[in-house]
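# Residue-level structure breakdown
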Amino acid sequence: MAPIVSIRNLTKSYATGFTALKGVDLDIEEGEILALLGPNGAGKTTMISIVCGIVTPSGGTVTVAGNDVIRDFRKTRSIIGLVPQELTLDAFETVWNTVAFSRGLHGCRPDPALIERILRDLSLYDKKDTMLRHLSGGMRRRVLIAKALSYEPKVLFLDEPTAGVDVSLRKDMWQLVERLRASGVTIILTTHYIEEAEEIADRIGVINHGEILLVEDKRALMAKLGRKQLTVELAEPVAAVPEALSPYGVALRDDGTRLVYEFDRAGERTGIASLLSALSQAGLRVRDVSTEQSSLEDIFVALVGEGK
Ligand SMILES: Nc1ncnc2c1ncn2[C@@H]1O[C@H](COP(=O)(O)OP(=O)(O)OP(=O)(O)O)[C@@H](O)[C@H]1O
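Here goes a summary of the coordinates provided. The structure displayed is predicted, hence computed values, not measured ones.

## A word on the environment of Met47
- Counting through the fold element by element, Met47 comes out in helix α1 (residues 44-51).
- Each C-alpha atom of the pair Met47 and Thr11 lies 9.0 Å from the other, and the pair is 36 residues apart in sequence.
- Those residues in contact with Met47, other than ones at most four positions away along the chain, are Leu10, Leu21 and Val24.

Shown next as structure tokens:
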């Protein structure tokens, strides 16, 4: 199936002379959740803004459902929903009107039943007649999402959807994203919360200094780059790693009380069973064994650190 969003050799230099995107290639598949991770200033918002037709690219092409984002702007804009980082709302309008007008602005026929469903899904229905200026920051963020959903986009961009929101709103958002995906919406989100990407994304893209460092299926990425570590706590400390354990490359830590063994998650054989039997053959008594695996955050920090 052709990708729903296709980005080719996309570049952007701002008037200041700063190059925010340096030849980005990215295909986004229909129905997936792609999380874009990158430090501040990496170029995420610039890329999203170009796809949404808000920023003009310096070079390259972007198509959405086969339509060019510049030549077929109206068409692509009607397919895309954008929930921006900044709260751009008219303080004196009510929740209901804000969301219903947004649908009209995108050329869709009024559909009060749909607006009601969206507001209920976002726990905003109670507040439908409230003026936006009387809403909390978290509630206003829900309104931004409701606005973007009001015209039933096929592709939804969420730029830092949960920045500064409380834990319950974050969980609600994740559930909402899950429901939208189930209804066939493609979702691209940027986030600084790596656990958010770990929790909800199908694929992870890492962007730094205007370049995509990688785009990979989340599980494959964790399997490929994630390291697992086994720590063996010894009943009695040892002065050195016994000779019999040298093939395992274990390290001695904490004054000889712990042995640390790193293995590859992707490896079919971890070697743990043979390591433990080698330990007992070497006469070492084990008090406790624990494993830890590197998180997406460790992987991200390692990648972005290398890209500097
Ligand atoms: N209108 C502009 N004029 C000049 N430079 C800009 C403009 N907009 C963005 N930039 C610069 O381009 C770079 C990329 O910014 P962008 O907002 O795309 O990053 P980001 O990855 O979304 O960062 P953040 O995580 O902080 O939102 C930054 O260095 C920013 O200062």
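The rest of the description comes next.
## Examining the environment of Ala240
- Within the secondary structure, Ala240 sits in the loop between β11 (227-234) and β12 (251-253).
- Of the residues examined, Ala240 has 8 C-beta atoms within 10 Å and is grouped as exposed.
- Measuring from C-alpha to C-alpha, the distance between Ala240 and Pro112 comes to 74 Å, with 128 residues separating the pair along the chain.

## Quick notes on the site of the ligand
- Looking at the ligand, the residues that line it are Tyr14, Thr16, Phe18, Ala20, Gly38, Asn40, Gly41, Ala42, Gly43, Lys44, Thr45 and Thr46.
- For the shell around the ligand, the element with the highest residue contribution is α1, accounting for three residues.
- When grouped by side-chain class, the residues that make up the shell around the ligand number four nonpolar, seven polar and one charged.

## Here we look at the sheet that holds strand β3 (residues 33-37)
- Spatial strand order, β6-β7-β8-β3-β9-β10: six strands in an open sheet with mixed pairing. Two strands lie at the open edges of the sheet, namely β6 (80-83) and β10 (211-217), each paired on one side alone. Recorded for the sheet is a direction-independent mean angle of 15° between the axes of neighbouring strands.
- Relative to β10, strand β9 (residues 203-208) is paired through six bridges, and the arrangement is antiparallel. Across the sheet, Val206 pairs through a bridge with Leu214, a residue of β10.
- In the packing of helix α5 (residues 137-149) onto the sheet, contacts are made with β6 and β7 (155-159), and the angle to β6 comes to roughly 170°.

## Side note on helix α4 (residues 112-121)
- Ile115, Ile118 and Leu119 are the residues of α4 that are buried. Down the axis of α4, the buried side of the element spans an arc of 95°, and every buried residue falls inside it. Facing away from the buried side of α4 by more than 90 degrees, the exposed set consists of Ala113 and Arg120.
- Phi for Ser123, located one or two positions after α4, is positive at around 55°.

## Things to note about unusual backbone geometry
- Phi is positive for Glu152, close to 50°, though the residue is something other than glycine.
- Checked against the element boundaries, Glu152 lands in the loop between α5 and β7.

## Thoughts on the packing of helix α3 (residues 95-105) against α4
- Taken N-terminus to C-terminus, the directions of α3 and α4 make an angle of 125°; their axes are 10 Å apart at the nearest point. Taken together, α3 and α4 sit at an angle that is classed as oblique. Taken as a pair, α3 and α4 cross one another with a handedness that is right-handed. Taking contact as the criterion, the partners of Val95, Trp96, Val99, Ala100 and Arg103 in α3 are, on α4, Ile115, Ile118 and Leu119.

## Some words on the sheet that holds strand β5 (residues 67-68)
- Pairing is antiparallel in the open sheet, where four strands are placed in the order β2-β1-β4-β5. Of all strands in the sheet, those with a lone pairing partner are β2 (19-28) and β5, marking the two edges.
- Inspection of the sheet shows strand β1 (residues 5-13) paired to β2 by seven bridges, in the antiparallel sense. If you follow Val5 over to β2, its bridge partner there is Ile28.
- Contacting β1, β2 and β4 (59-64), α1 crosses the sheet at an angle of about 120° to β1.

Calculation rules
Once a new chain begins, its residue numbering starts again from 1 and follows that chain's sequence as written. In keeping with the predicted nature of the model, local features appear solely for residues at pLDDT of at least 70, side-chain atom pairs appear and are counted solely at 80 or more, and the whole-chain, interface and lining totals rest on all residues. Put simply, DSSP H or I for four residues or longer makes a helix, DSSP E for two residues or longer makes a strand, and each gets a number counted from the N terminus. Once C-beta atoms have been placed from the backbone, residue pairs whose C-beta atoms lie within 7 Å are recorded as contacts. Buried residues are those with 20 or more other C-beta atoms within 10 Å of their own C-beta, exposed residues have 12 or fewer, and partly exposed residues lie in between; C-beta atoms are placed from the backbone. Residues are classed as near a molecule or strand if the C-beta position derived from their backbone is within 6 Å of it. The classification used treats Ala, Val, Leu, Ile, Met, Phe, Trp, Tyr, Cys and Pro as nonpolar, Asp, Glu, Lys and Arg as charged, and all other residues, Gly among them, as polar. Strands are labelled as partners when DSSP assigns at least two bridges between them. Axes here mean lines fitted to C-alpha atoms, for a helix over just the part in contact, with angles spanning 0 to 180 degrees between N-to-C directions. Directions pointing from the helix axis toward each C-beta atom define the arc. Relative orientations are named as follows: roughly parallel for angles under 35 degrees, roughly antiparallel for angles over 145 degrees, roughly perpendicular for angles from 65 to 115 degrees, and oblique for any other angle. In this scheme the handedness of a crossing depends on how the near helix is turned from the far one: anticlockwise by less than a right angle means left-handed, clockwise means right-handed.

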